[in-house]
Amino acid sequence: MRKTLLNTMGLLLALFGATNASAQSTVELPYSITFDSTNDVWTVLDASPSPGTSWVFNNDWGNDGFCIGNAWTATPSYCIRTDSGEPNDYYVSPSFSLKAGKTYTVKTSSGTMYSTPATLSVEYTTTPTNAASFTKLSDINMPSSGAQYDNSYDLTVPEDGLYSFAFHATNTSAGDKSNWVYLYALGFSIEEKVGGETPDPGTDPDQPDPPAVDQDGTLPYDMTFDSAEKFATWTTMDNSDTPGVTWAYTASDFAGKPAAHMGTDATSATCDWLVSPKFELKEGKSYKITVDAASGPNNELNLILDYFVGSKSADNQKTIEWIGSKLPKTEGETEGEGGKVKNEWILDANKDDVYLFAFRALNWGANGTNDAVSIYSVKIEEMAEGKPEAPVALPYEVSFEKEESVSGWTAMDRSASTASTWSWNSWGYQEYGADWNPVGDQHPCVGFSSDFNTDANDYWVSPAFALEAGKTYVAKAHTANNRSCVESGTTSFTMKLGTNRKVQGSFDKTLGTIELSTVYDRDPSTFEFTVEKAGNYYVAFHISDKTGANAYGYIFDFSLAEKKAVVEEPVATEPVANLAAAELTAEKSVELTWTNPTKDVDGKDLPADALLIVKVYEGEELLATQDAQAPGSKGTYTKEYTADTFAGEHAYKVVVVYKDKESEAATATLTVVVDAINGVVVPTDAKVSVHTLGGAAVGNNLSTLGKGTYIVTMKRADGTMKTVKVTK
């Protein structure tokens, strides 16, 4: 075993102290430093508009130290906090002699706290005392607070020279830029790349062992640990406080069987992984892991089934199952009681990526002499899709007041760390007043509480619904939020539509944004939508938050239904316009003319293709019905009379019928008179009225009137009338 190279700051100080190194002195490659103690090798360059607080060493939790995972102990580091001069500060390395055409790998270790808006970048220069001379190699992406970020960057310099590097802190956010800076530098290294790869450390005993290469695995995968060669296709990762005993192949374990075996590690608490080859898994697919394992007598060593996404590291592990200390683990097992053996677990891949499965041996103290765990075989296979999910009928409505109501709904966590996600909450939502005192009752619901150490990116997904193209659907939900969501403005709460409940990318249609509100009893969020293609669809509540601290969501109910067609009550049209009656003397006829309406009684335009029905009356007698009349068209009707019926007063009306509704009647009257001689005969049963040509009434007795011309109207008992002009 090669001796492990310790890149501690104490060793570096000893080395640099021996050579009397000063700031910006030239240092040979490879170079590595951990900022876990004070040093005078790196220097501070404060280029803030008003120089103030800058980079300092800190390891005090009570003074805003860096706490990984929100721990209660600080990780020693160099940091910059609350710069009263608006940060523009460089923490500058010594100089390194770099050659043009060569590639160098720069690695940084850093962190941030309190969701600071300040930015940390790694930059380089040949003039380390001039802030304007630095060139940015990369911004260091640190989306979550309280997490350590280890990044690697390649650099090819344009010309030979002495180059220095720096952690550069700036704040370009809006508002007060000076009082919200919490950035931490934990470590830095630089080395030359050879042939595009990190050089082989060779056989120098002061160099670390080369890392084991993760082999590519193919599915379905079936491994039996019955030889050292097969065991060598897996890798180990000793994460104990003091590395010592770790996973190894044994030809005969406590049961006399060949196995991948973890035994007693008396040097320190155990936290060691046995890691599989890497597999390309697909989002939305489910994978079954089948394990044959056993534990030795009186074993206290716990076994955990983990997985890594992208690459393996202690900071990247995610847990599938805590298997326990007694293997094989049994379901429902209690002291002295057995149950059904469990040796299968399911992983739903949450993104397309490389996955490595790992068995973690865990013991908080140095292992006891009897501790022993053996893994005999491992199978990994993609599960069949199964039958398509049957859609739920519409209309659909659910209240999340009771836990059983969430049946058919699933949570889809696509956060960087799957620490928490949507679930039913019996405590539910509690409103608070302005003084943060509770208001009203608690309301059980489906809730989401912020992912403190990652960017929230979580979906609460409905059952499937069969939707048809061209139809309009209405989705409704009552929701609420924590006050911090509303005040910070960082939370996005939307309703989305997708076609695969396990694939984030299928939810590519946003139905609308849900209002962030702390009010429980209010109008629901309502969204109308259509789909272009018929099929099964899922509706999802999506909550996200770039700061990882202020995403809180509460869902009380949901409904989905096809939008009912609005049946409009028929509305009558306006009356016809310009109704006029004209006497056609020679033909003994009357001609009616008018203009058909273009609007309804509410003033709305009639459709251009509307078909109007026009009815023409004299008195209450229907003279004619004219069908299919266009809005705005000219209407006409001619009524023919006999000699006996022509003379007299005629009253006409015209009515428009549209969608079974009649308009108000437009009316017109016309008095037709004929010339008569003095000997006109007045029927005995007629009522007579006499008017002058000017229209003045002069009684009903023609014989008493003086000479002149009069209009005489005779109306008989049967209603017939006759009007004549009489000259006396």
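Residues numbered from 1 in each chain as written. Predicted model: local features only at pLDDT ≥ 70, side-chain atom pairs only at ≥ 80, totals over all residues. Heavy atoms only, no water.

In this structure, what is going on with the overall build of the protein chain? I would like to understand it.
Within the protein chain, the regular secondary structure consists of four helices and 48 strands. For the protein chain, with 728 residues in total, the buried portion stands at 44%. (Helix = DSSP H or I, 4+ residues; strand = E, 2+ residues; numbered from the N terminus. Buried < 20%, exposed > 50% of the residue type's maximum accessible area, 1.4 Å probe, protein only.)

Explanation requested: the nonpolar core in the structure shown.
Within soluble globular proteins, side chains that are nonpolar tend to cluster in buried spots. Counting 35 residues, the largest nonpolar core has Phe165, Phe167 and Phe188 as the members making the most contacts within it. Put simply, the parts of the chain that give this core at least two residues each are β1 (31-34), β4 (77-81), β5 (88-98), β6 (103-112), β7 (119-125), β9 (149-156), β10 (161-170) and β11 (182-192). Beyond its immediate stretch of four places on either side in the chain, Phe188 contacts Tyr31, Ser32, Ile33, Phe35, Trp42, Phe96, Val106, Lys107, Thr108, Phe165 and Phe167. Core analysis: the second largest hydrophobic core is formed by 34 residues, Phe279, Leu281, Val291 and Ala293 among them. (Core = buried A, V, L, I, M, F, W, Y, C linked by side-chain atoms within 4.5 Å. Contact = heavy atoms within 4.5 Å.)

Help me understand the sheet that holds β7 in this model?
Strand pairing in a sheet takes place through backbone hydrogen bonds and is either antiparallel or parallel in direction. Spatial strand order, β2-β5-β10-β7-β8: five strands in an open sheet with antiparallel pairing. A strand with exactly one partner marks an edge of an open sheet, and here the two such strands are β2 (43-46) and β8 (135-139). Taking the axes of each pair of neighbouring strands and ignoring which way they run, one obtains an average angle of 30° across the sheet. Of the strand pairs in this sheet, β2 and β5 are connected by four bridges, and their pairing is antiparallel. Bridge pairing in β5 links Thr43 to Val92. (Pairing = 2+ DSSP bridges. Axes fitted to C-alpha atoms, helices over the stretch in contact; angles between N-to-C directions.)

I would appreciate a short explanation of the pattern of salt bridges in the present structure.
Pairs can form between side chains of opposite charge whenever their charged atoms are close. In the structure shown here, the tally under the stated rule is 21 salt bridges. The partner of Lys288 in a salt bridge is Glu344, and the shortest N-O contact between them spans 3.9 Å. Here Lys288 is found in strand β17 (residues 286-295), whereas its partner Glu344 is found in strand β20 (residues 344-348), with 56 residues between them in sequence. Assessed through its relative accessible area of 41%, Glu344 is described here as partly exposed. (Salt bridge = Lys/Arg side-chain N within 4 Å of Asp/Glu carboxyl O.)

Which parts of the structure should I look at to understand the environment of Ala686?
Along the chain, Ala686 falls in the loop between β45 (674-676) and β46 (687-692). When the C-alpha positions of Ala686 and Thr713 are compared, they lie 9.2 Å apart, and in sequence the two are 27 residues distant. If we skip the residues at most four places from it in the chain, Ala686 touches Met714, Lys715 and Arg716.

Just to check I follow, could you spell out the sheet that holds strand β33 (residues 525-529) for this structure?
A sheet is described by the order of its strands in space; here four strands give the open sequence β23-β36-β29-β33, paired in antiparallel fashion. Strands at the two margins of the open sheet, each flanked by one partner only, are β23 (396-399) and β33. Neighbouring strand axes in the sheet, compared pairwise and without regard to direction, differ in orientation by 10° on average. Relative to β33, strand β29 (residues 473-477) is paired through five bridges, and the arrangement is antiparallel. Bridge assignment links Ala477 to a residue of β33, and that residue is Ser525.

Any chance you could explain the pairing of strand β47 (residues 709-715) here in plain terms?
For β47, a buried count of five out of seven residues is recorded, marking the element as mostly surrounded by other parts of the structure. Relative to strand β48 (residues 721-727), β47 is paired through seven bridges, and the arrangement is antiparallel. For Met714, the partnering residue across the bridge sits in β48 and is Lys722. From the end of β47 to the start of β48, which pair antiparallel, there are five residues, and Gly719 there has a positive phi angle of about 95°.

Explain the side chain of Ser517 here, please?
Position of Ser517 relative to the elements: it lies in the loop between β32 (509-513) and β33. A polar atom in the side chain of Ser517 sits 3.2 Å from the backbone nitrogen of Val519. Here Ser517 is in contact with Ala480, Asn481, Val486 and Arg522, once residues within four sequence places are set aside. (Polar contact = N/O pair within 3.5 Å; in protein donor to acceptor, adjacent residues only side chain to side chain.)

Even after reading the chapter, I still don't get the environment of Phe134, so can you show me in this structure?
Structurally, the position occupied by Phe134 is in the loop between β7 and β8. The buried category is assigned to Phe134, whose relative accessible area is 10%. Once the C-alpha coordinates of Phe134 and Tyr90 are considered, the two residues, 44 residues apart in sequence, prove to be 9.6 Å apart. Ignoring any residue separated from it by four or fewer positions in sequence, one finds Phe134 in contact with Leu45, Tyr90, Val92, Glu123, Tyr124, Thr125, Thr127, Pro128, Ser164 and Ala166.

Explain the pairing of strand β18 (residues 302-309) to me, please; I cannot follow it from the model alone.
Note on strand geometry: in a regular strand, side chains alternate between the two faces of the sheet. Here β18 lies mainly inside the structure; eight of its eight residues are buried. Side chains of β18 alternate between two faces, with Asn302, Ile304, Asp306 and Phe308 and Leu303, Leu305, Tyr307 and Val309 buried alike. With six bridges joining them, β18 and strand β19 (residues 317-324) adopt antiparallel strand pairing. Following the sheet pairing, Ile304 is matched in β19 by Trp322.

Mind showing me how you'd approach the packing of aromatic side chains here?
Think of a pair of aromatic rings as described by two things: how far the centres are apart, and how the planes are tilted against each other in angle. All told, the structure shown has 46 aromatic pairs when counted by the stated rule. Here the aromatic rings of Tyr221 and Phe279 are separated by 5.2 Å at their centres, their planes lie at 75°, and the arrangement is edge-to-face. Of this pair, Tyr221 sits in strand β12 (residues 221-224) while Phe279 is found in strand β16 (residues 269-281), placing the two residues 58 residues apart along the sequence. Across this residue pair, the class does not change: Tyr221 and Phe279 are buried. Summarising the aromatic geometry, the rings of Tyr307 and Tyr355 are spaced 6.0 Å apart at their centres and angled 25° between planes, so their arrangement reads as stacked. With Tyr307 in strand β18 and Tyr355 in strand β21 (residues 353-366), this pair connects stretches of sequence that are 48 residues apart. Comparing Tyr307 with Tyr355, the two get one shared label, buried. (Phe/Tyr/Trp six-rings, centres within 6.5 Å; stacked < 30°, edge-to-face > 60°.)

Help me understand unusual backbone geometry, please; the structure alone is not making it clear to me.
Residues other than glycine predominantly adopt negative phi, and peptide bonds predominantly adopt the trans conformation. In this model, Leu29 is joined to Pro30 through a cis peptide bond whose omega is -5°. Unusually for a residue other than glycine, Asn578 sits at a positive phi of about 60°. In this structure, Asn578 sits in strand β37 (residues 577-584). On the basis of relative accessible area, Asn578 is assigned to the exposed category, the value being 61%. The phi angle at Asp660 is positive, at roughly 65°, despite the residue not being glycine. Its place among the elements puts Asp660 in the loop between β42 (648-658) and β43 (661-662). Residue classification places Asp660 among the exposed residues on the basis of a relative accessible area of 77%.

Looking at this structure, I do not really get the environment of Trp180. What am I missing?
By secondary structure assignment, the location of Trp180 is in the loop between β10 and β11. Its relative accessible area of 35% is what places Trp180 among the partly exposed residues. Setting aside anything within four residues of it in sequence, one finds Trp180 in contact with Tyr114, Ser115, Thr116, Pro117, Ala118 and Asn171.

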